Amino acid sequence: NAGVTQTPKFQVLKTGQSMTLQCAQDMNHNSMYWYRQDPGMGLRLIYYSASEGTTDKGEVPNGYNVSRLNKREFSLRLESAAPSQTSVYFCASSDVGGTEAFFGQGTRLTVV
Amino acid sequence: AQSVTQPDIHITVSEGASLELRCNYSYGATPYLFWYVQSPGQGLQLLLKYFSGDTLVQGIKGFEAEFKRSQSSFNLRKPSVHWSDAAEYFCAVGGGYGGATNKLIFGTGTLLAVQP
């Protein structure tokens, strides 16, 4: 029972490089989310997808794009990485009207 | 504006001592409240949640939390802390369109250290 799977777990990028963080869930959830976690700031919502085919901005969307590829997968893309995007990124999923959000193990991204 | 405040950044308790982690929220509608725990290098695990009904809710690992509407608080408690409870704890509030877990707002976390 995998739950929410994120890849990669660790990544180092140079400023200006691009990359895509992958997220997949096997719980048949409708809603998926991307958060970033920074020291002293808790988790902040970057983008979310309430259902397949829809995406919306969260609190800190600048510098990111997302794709809800299908019901299972929700990817986060950094087109031109900046040091300010150094963070731990978490993907989560929940069912519409659900009572719990399930989180992946996180991707630790460093931009140098 | 919707927000969650965890006033204690870092707490140290002795093993076997009681614990209370504070959480205050600001939310315009009926809040759905959560406590999550994060062990080092791990994702977030749900400890407990409050949606309605009894204001004292029980969670996993011996944790409980009490919802006090008049104080806009949802403090987490444990009667006797174990060394394995050392972790970071996050309070969160939800309840937007789409359900309780849509667009969760998190506090900044409280890092718990347990000394022998």
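Residues numbered from 1 in each chain as written. Chains lettered and ligands numbered in written order. Predicted model: local features only at pLDDT ≥ 70, side-chain atom pairs only at ≥ 80, totals over all residues. Heavy atoms only, no water.

1. A word on the confidence of the model for chain B
So, step 1. Across chain B, pLDDT averages 90, with 93% of residues at or above 70.
So, step 2. Here strand S11 (residues 105-106) of chain B stands out as the element of chain B with the lowest mean pLDDT, 90, in contrast to strand S3 (residues 19-21) of chain B, whose mean of 98 is the highest. (pLDDT = per-residue confidence, 0-100. Helix = DSSP H or I, 4+ residues; strand = E, 2+ residues; numbered from the N terminus.)

2. A closer look at the pairing of strand S8 (residues 74-78) of chain A
The two faces of the sheet receive side chains in turn, since in a regular strand these alternate between them.
Residue and element names in this part refer to chain A.
So, step 1. Most of S8 sits out of view: 4 of its 5 residues are buried.
So, step 2. With 5 bridges connecting them, strand S7 (residues 64-68) and S8 associate as antiparallel partners. Counterpart to Tyr-64 in the pairing with S8 is Leu-78.
So, step 3. Once S7 ends, the chain turns through 5 residues before running back antiparallel as S8. (Buried < 20%, exposed > 50% of the residue type's maximum accessible area, 1.4 Å probe, protein only. Pairing = 2+ DSSP bridges.)

3. Quick notes on the state of the cysteines
So, step 1. Under the counting rule described, the total for this entry stands at 2 disulfides over all chains.
So, step 2. The partner cysteine of Cys23(A) in its disulfide is Cys91(A), sulfur to sulfur 1.9 Å. Given an S-S torsion of about -75°, the disulfide between Cys23(A) and Cys91(A) has left-handed geometry. Highlighted residues: Cys23(A) in strand S3 (residues 19-25) and Cys91(A) in strand S9 (residues 87-94), separated in sequence by 68 residues.
So, step 3. On the accessibility criterion, Cys23(A) (3% relative accessible area) is buried.
So, step 4. In this model, Cys23(B) is linked to Cys91(B) through a disulfide, with the two sulfur atoms separated by 2.0 Å. Between Cys23(B) and Cys91(B), the S-S torsion sits near -65°, and that sign places the bridge as left-handed. Here Cys23(B), found in the loop between S3 and strand S4 (24-26), pairs with Cys91(B), found in strand S10 (residues 87-94); they are 68 residues apart in sequence, far enough to count as distant. (Disulfide = S-S within 2.5 Å.)

4. Observations concerning the nonpolar core
So, step 1. Counting 27 residues, the largest nonpolar core has Leu19(B), Trp35(B), Leu47(B), Leu48(B), Phe74(B), Leu76(B) and Tyr89(B) as the members making the most contacts within it.
So, step 2. Every element with two or more residues in this core is listed here: strand S2 (10-14), S3, strand S5 (32-38), strand S6 (44-50), strand S8 (64-68), strand S9 (73-78), S10 and strand S12 (110-115) of chain B.
So, step 3. Among the elements that take part in this core, S10(B) stands out by supplying 4 residues, more than any other.
So, step 4. Apart from the residues lying within four places of it in its own chain, the contact partners of Tyr89(B) are Gln6(B), Leu21(B), Trp35(B), Tyr36(B), Val37(B), Leu47(B), Phe63(B), Leu76(B), Gly109(B), Thr110(B) and Leu112(B).
So, step 5. Within the second largest apolar cluster, 20 residues are counted, among which are Met19(A), Tyr47(A), Phe74(A) and Val111(A). (Core = buried A, V, L, I, M, F, W, Y, C linked by side-chain atoms within 4.5 Å. Contact = heavy atoms within 4.5 Å.)

5. Quick word on unusual backbone geometry
When glycine is set aside, most residues are seen to have a negative phi, and most peptide bonds are trans.
So, step 1. Cis geometry is adopted by the peptide bond preceding Pro8(A), which originates at Thr7(A) and carries an omega value of -10°.
So, step 2. Phi is positive for Asn28(A), which is not a glycine, with a value near 60°.
So, step 3. With a relative accessible area of 56%, Asn28(A) lands in the exposed category.
So, step 4. Backbone geometry places Ser72(B), a non-glycine residue, at a positive phi of 50°.
So, step 5. For Ser72(B), the position within the fold is in the loop between S8 and S9.

6. Let's talk about the pairing of S12(B)
Residue and element names in this part refer to chain B.
So, step 1. Where burial is concerned, the two faces of S12 differ: the one with Thr-110, Leu-112 and Val-114 is buried and the one with Leu-111, Ala-113 and Gln-115 is not.
So, step 2. For S2 and S12, the ladder comprises 5 bridges, and the chain directions are parallel. Its bridge partner being in S12, Thr-12 is matched across the sheet by Ala-113.
So, step 3. When S10 meets S12, the two strands line up antiparallel, connected through 3 bridges. Bridging across to S12, Glu-88 finds its partner in Leu-111.

7. Describing the side chain of Ser93(A)
Residue and element names in this part refer to chain A.
So, step 1. With respect to the element layout, Ser-93 can be found in strand S9.
So, step 2. The exposure class assigned to Ser-93 is buried, which follows from its relative accessible area of 0%.
So, step 3. A polar side-chain atom of Ser-93 sits 2.8 Å from a polar atom in the side chain of His-29.
So, step 4. Sequence-distant contacts of Ser-93, that is, excluding residues within four places in its chain, are made with Val-4, Gln-25, Met-27, His-29, Ser-31, Met-32, Tyr-33, Glu-100, Ala-101 and Phe-102. (Polar contact = N/O pair within 3.5 Å; in protein donor to acceptor, adjacent residues only side chain to side chain.)

8. Brief notes about the sheet that holds S8(A)
Residues and elements named next belong to chain A.
So, step 1. Strand order in this open sheet of 4 strands is S1-S3-S8-S7, and the pairing throughout is antiparallel. Edge positions in the sheet fall to strand S1 (4-7) and S7, since each has one partner strand and no second. Taken over all neighbouring pairs, the strand axes of this sheet differ in orientation by 15° on average, direction set aside. (Axes fitted to C-alpha atoms, helices over the stretch in contact; angles between N-to-C directions.)

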